[in-house]
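Descriptive analysis of the structure
Each chain, letter by letter, is given below.
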Amino acid sequence: MRFPRSRSDIEHLVPGGRDGRRMLWVSFTDKAGSGLWYGTSALYYTFVAGLAPHEIGLLLGVAGAVGVAGTPVAGRVADRVPLTRLLPAVHALRAAAAVGILFTGTLWLLLPIAALGSLGDRSASVLTKLYAARVAGPDRVRYQALQRTVVNIGFGIGGLAAAVALAVGTGTAYRTMLVGDALSFAGAALLVLRCAEPPSPVRVVATAATAGGEPPLSKAQATGPWRDRGYLAYTATEALLFLDDTALNVGLPLWIATATAAPHSLVALLFVLNNVLVVLFQVRLSRLGDEPRRAAASLPLLGLAFLVAGGAMAVSAVDSAGIAVVALAVAATAFTAAEIVHAAISWELSLALAPGRSQGAYLGVHGLAQSAQRSAGPVLLTSAVMAAGPLGWLGLGGALAAVSVGQRTLVRRRLDRLDALERPGAAAPQAPAVPSGTVTVSGVDYGE
C-alpha cells in the first residue's frame with residue numbers, strides 16, 4: 001500500500017475534493033470520541049451511575065430499539081433538508097445526550113437521554129454515508145473504503161484512551177471519557193458546517209419537473225421504499241449478511257471464554273488483528289464493488305469467507321490450546337474478510353438499486369438492516385448458534401454462504417430489469433440528465 005507523500009497525493013487519493021477530505025476528518029473525530037465511550041460505557045453505568053446489571057441491559061435495549069428508527073427517519077428528511085444543516089443538528093443532539101448522561105444517575109431519566117443519543121448515532125451514520133455518496137460521485141466506493149479506514153483508526157485511538165481510563169478505574173476517569181465523547185460530537189458538527197452542500201439528485205429532478213421535463217413517477221418512486229418489494233427483499237438479506245459484526249464482537253469473545261482452550265487475552269489480540277486488516281485492505285479491496293455488476297459477482301467470495309469462518313470456529317472447540325488459537329485467528333481473519341468485502345459490495349448496491357430522487361429514503365431503509373442485526377444478532381448467536389456448539393457455527397457459515405448466493409441472484413435480476421428498460425425502444429421514459437455519479441432511474445418500476 002503506497003502512502004501519500006504530498007498534499008497533491010492526498011488530493012488525488014481522496015475523492016470529493018476539499019469537502020470530501022473534511023468529511024473524513026468528521027468521521028475520524030466522531031469515531032475517536034465514540035471509541036472513548038464504547039470502551040467504558042458499561043463500567044460507567046455500573047460504578048458512576050450505580051445501575052444494576054439488569055438495569056444496564058434494559059437501558060441499552062431500549063436505547064437500541066429507539067435508535068432503529070433513526071435510519072429511515074433521517075434518510076427521508078435528508079431528501080428534503082440540506083445535509084450540511086441536518087447533520088450538524090444530529091451531532092449536536094448526540095453531544096447533548098452525552099452531557100445529559102454525565103449529569104444524570106437515575107435509570108428513568110437515563111432511558112430517554114440514552115434513547116435520544118442512540119437515535120442520533122444511527123441518524124448520523126446514514127447521513128454521513130449519504131453525504132459521501134453525493135460528494136464523491138462515481139468514486140463513492142473508494143471514498144467509502146477510505147472512510148472505513150479512517151473510522152477504524154479513530155476507533156483504535158479512542159479505544160487506547162479508553163484502556164487507560166479502565167486501568168485507572170476511577171469515576172473521574174470514566175467521566176473524562178464521556179466528556180471527550182461529547183466534545184467529539186461538537187467538533188464533528190463544527191467541521192460539517194464548513195463543508196459545502198453536495199449536488200443532490202432530488203434537487204436535479206425537482207428542477208427538471210419545474211421546467212416541464214419530468215417523466216411520470218413509477219409505482220415504487222411514488223410510494224417510496226416501503227412499497228418496493230425488490231429493495232425490501234435485498235435489505236432483508238443484508239440484515240443476515242451483516243452478522244459478521246455480531247460474530248466478531250459478541251460471538252467470538254463469548255466462544256473463546258466458554259467453549260475453547262484458548263487464553264482469554266486472545267480476544268484483545270483478535271480485535272487488534274481486525275482493525276489492522278481493515279486499515280490495510282479496505283481501500284485495496286474496494287474495487288470489488290466499484291460498479292453494480294462487479295459487486296454482484298463478488299458475492300460468492302463473501303459466501304466463501306463465511307464458510308471458512310464458520311468452519312474455523314467449529315475447529316476451535318477442540319481440546320488443544322494451540323489448535324484453538326490458530327483456528328480462532330483464521331476465523332477472525334475470515335470474518336474480517338467478510339466485513340471488508342461486504343462493506344464494498346453493500347455500499348455500491350444500496351445506492352445503485354435505489355432511485356436517485358429517493359436516495360435518502362432508500363438508504364435509510366437499508367440502514368435498518370444493520371440496526372436489526374445489532375438488535376437480533378446477539379440473541380441469534382447466543383441462543384441458537386453457540387447453543388448448538390461446533391455444528392451451530394458450521395450451520396451459520398453455510399447459511400450465510402447460501403444467503404450470499406441468493407442475494408447475487410436477486411441483485412442480478414433487478415439489474416437485468418433496469419438494463420432492459422434502458423435499451424432503445426423501451427417503454428419507460430428516460431430520466432433527465434444528472435451530475436456524474438448520481439443514480440437516477442426515473443420511470444423505472446422497482447416494485448417487482
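Residues numbered from 1 in each chain as written. Predicted model: local features only at pLDDT ≥ 70, side-chain atom pairs only at ≥ 80, totals over all residues. Heavy atoms only, no water.

1. Examining the overall build of the chain
Let me state the cut-off plainly: Note on conventions: DSSP H or I runs of at least 4 residues are helices, E runs of at least 2 residues are strands, and numbering of each starts at the N terminus. Each residue gets one of three labels from its accessible area relative to the maximum for its type: buried under 20%, exposed over 50%, partly exposed in between, using a 1.4 Å probe on protein chains only. Any two residues having at least one pair of non-hydrogen atoms within 4.5 Å are treated as being in contact. The Shrake-Rupley method, run with a 1.4 Å probe, gives the accessible areas here. Residue values count only the displayed protein chains as cover.
The secondary structure content of the chain amounts to 19 helices and zero strands. Here the chain holds 448 residues, and 52% of them are scored as buried. Taking the contacts inside the chain whose residues are at least 6 apart along the sequence as the reference set, 83% of them involve residues at least 24 apart. Of the accessible surface of the chain, which amounts to about 18,700 Å², a share of 67% is contributed by carbon and sulfur atoms.

2. With respect to the environment of Gly 367
Within the secondary structure, Gly 367 sits in helix H18 (residues 359-385). Considering only alpha carbons, one finds Gly 367 and Lys 129, 238 residues apart in sequence, at a separation of 9.9 Å. Discounting chain neighbours no more than four positions away, the residues touching Gly 367 are Thr 71 and Arg 122.

3. What to know about the pattern of salt bridges
A side chain of one charge can pair with a side chain of the opposite charge when the charged atoms of the two come close. Put simply, the rule reads: We count a salt bridge whenever a side-chain nitrogen from Lys or Arg sits within 4 Å of a carboxyl oxygen from Asp or Glu.
Within the structure shown, the criterion is met by five salt bridges. Between Asp 121 and Arg 94 there is a salt bridge, and its shortest N-O distance comes to 2.6 Å. Of this pair, Asp 121 sits in helix H7 (residues 107-136) while Arg 94 sits in helix H6 (residues 83-102); the two residues are 27 residues apart in sequence, bridging distant segments of the chain. Residue Arg 94 is classed as buried on the basis of its relative accessible area of 3%.

4. Notes on the packing of aromatic side chains
What counts, and what does not: Any pair of Phe, Tyr and Trp rings, taking the six-membered ring for Trp, is counted once the centres come within 6.5 Å. Such a pair is stacked with planes under 30 degrees apart, edge-to-face with planes over 60 apart, and tilted for the rest.
Taken as a whole and judged by the stated rule, the model has eight aromatic pairs. Each ring, one from Trp 37 and one from Tyr 44, has its centre 5.4 Å from the other, and the planes form 70°; the classification is edge-to-face. Just as Trp 37 is buried, Tyr 44 falls in that class too. Joined through ring pairs, the aromatic side chains of Trp 37, Tyr 44 and Tyr 45 make up one cluster.

5. So, the packing of helix H8 (residues 140-168) against helix H17 (residues 321-352)
Axes are the key here: two packed helices are described by the angle between their axes and the distance separating the axes. Where we set the bar: Every axis corresponds to a line fitted to the C-alpha atoms, with the helix fit spanning only the stretch in contact, and the corresponding angles, defined between N-to-C directions, vary from 0 to 180 degrees. Angles are sorted into four bins: roughly parallel if under 35 degrees, roughly antiparallel if over 145, roughly perpendicular if 65 to 115, and oblique for all others. Helix crossings fall into two classes, left-handed where the near helix is turned counterclockwise from the far one by less than a right angle and right-handed where it is turned clockwise.
Two elements in contact, H8 and H17, have axes whose closest approach is 10 Å; the angle formed by their N-to-C orientations is 135°. When the axes of H8 and H17 are compared, the pair comes out oblique. Like other packed secondary-structure pairs, H8 and H17 cross with a definite hand, here right-handed. Between H8 and H17, the contacting residues are Arg 140, Val 141, Gln 144 and Arg 148 on the first element and Glu 339, Ala 343, Ala 344, Trp 347, Glu 348, Leu 351 and Ala 352 on the second.

6. Here we look at the environment of Trp 255
Summarising the element assignment, Trp 255 is placed in helix H13 (residues 243-259). Expressed as a C-alpha distance, the spacing of Trp 255 and Met 313, which sit 58 residues apart in the sequence, is 8.4 Å. Beyond its immediate sequence surroundings of up to four residues, Trp 255 is in contact with Thr 260, Met 313, Ser 316, Ala 317, Leu 328, Met 386, Gly 389, Pro 390 and Trp 393.

7. Some remarks on the confidence of the model for the chain
Worth spelling out the cut-off: The quantity called pLDDT is the predictor's confidence in a given residue, expressed from 0 to 100.
Residues with a pLDDT of 70 or more make up 85% of the chain, whose mean pLDDT is 81. Mean pLDDT values for the elements of the chain range from 43 in helix H10 (residues 201-210) up to 97 in helix H16 (residues 299-315). Overall, residues 426-448 carries pLDDT values under 50, and its contacts beyond four positions in sequence, including any with other chains, amount to 78 contacts.

8. Points about a nonpolar patch on the surface
Applied cut-off: Each patch is built from salt-bridge-free residues with over 30% relative accessible area, joining like charges within 9 Å and nonpolar side chains (Val, Leu, Ile, Met, Phe, Trp, Tyr) within 5 Å.
Where nonpolar side chains cluster on the molecular surface, the patch consists of Leu 301, Leu 304, Leu 307, Val 308, Val 326 and Val 330 and spans about 500 Å² of accessible area. Listed by contribution, the elements that provide at least two residues to the nonpolar patch are H16 and H17. Tracing the backbone shows Val 326 in helix H17.

9. Side note on the nonpolar core
The line we're drawing: By nonpolar core we mean a set of buried residues, namely Ala, Val, Leu, Ile, Met, Phe, Trp, Tyr and Cys, connected to one another through side-chain atoms within 4.5 Å.
Core analysis: the biggest nonpolar cluster contains 45 residues, and Leu 252, Ile 256, Met 313, Leu 328, Phe 335 and Trp 393 have the highest contact counts within it. Residue contributions to this core peak at ten residues, all from H17. Residues in contact with Leu 252, not counting those within four places in the same chain, are Ala 247, Leu 270, Met 313, Leu 328 and Ala 332. One finds Met 23, Leu 24, Leu 83 and Val 192 within the second-largest nonpolar core, a separate group that totals 31 residues.

10. Regarding the packing of H6 against H7
Threshold: Ten residue types, Ala, Val, Leu, Ile, Met, Phe, Trp, Tyr, Cys and Pro, are classed as nonpolar, four, Asp, Glu, Lys and Arg, as charged, and the remainder, Gly among them, as polar.
As a packed pair, H6 and H7 sit with axes 8 Å apart at the nearest point and diverge in direction by 150°. Taken together, the axes of H6 and H7 are roughly antiparallel relative to one another. Between H6 and H7 lies a crossing of left-handed hand. Of the residues in the contact of H6 with H7, the class split is 14 nonpolar, seven polar and three charged.

11. Focus on the environment of Arg 76
Along the chain, Arg 76 turns up in helix H5 (residues 70-78). Overall, the relative accessible area of 34% leaves Arg 76 in the partly exposed class. Taking C-alpha positions, Arg 76 is 9.5 Å from Gly 224, a pair spaced 148 residues apart along the chain. Once you skip the residues sitting within four places of it in the chain, Arg 76 turns out to touch Pro 225, Trp 226, Gly 360 and Ala 361.

12. A few points about helix H4 (residues 53-67)
Note the following rule: One fewer than the residue count of a helix, multiplied by 1.5 Å, yields its expected span. The reported arc concerns the directions from the helix axis to the C-beta atoms and nothing else.
For H4, spanning 15 residues, the distance from its first C-alpha to its last is 21 Å, which sits close to the expected 21 Å at 1.5 Å a residue. When we look at burial in H4, the residues that qualify are Ile 56, Leu 59, Ala 63 and Gly 67. Buried residues of H4 fall within an arc of 65° about the axis and therefore sit on the same side. With respect to the buried face of H4, the exposed residues turned more than 90 degrees away are His 54 and Ala 65.

13. Overview of helix H12 (residues 229-241)
Look at H12: 19 Å from first C-alpha to last across 13 residues, which is about the 18 Å you get at 1.5 Å a residue. All of the buried residues along H12 are Gly 230, Tyr 231, Tyr 234, Thr 235, Thr 237, Glu 238, Ala 239 and Leu 241.

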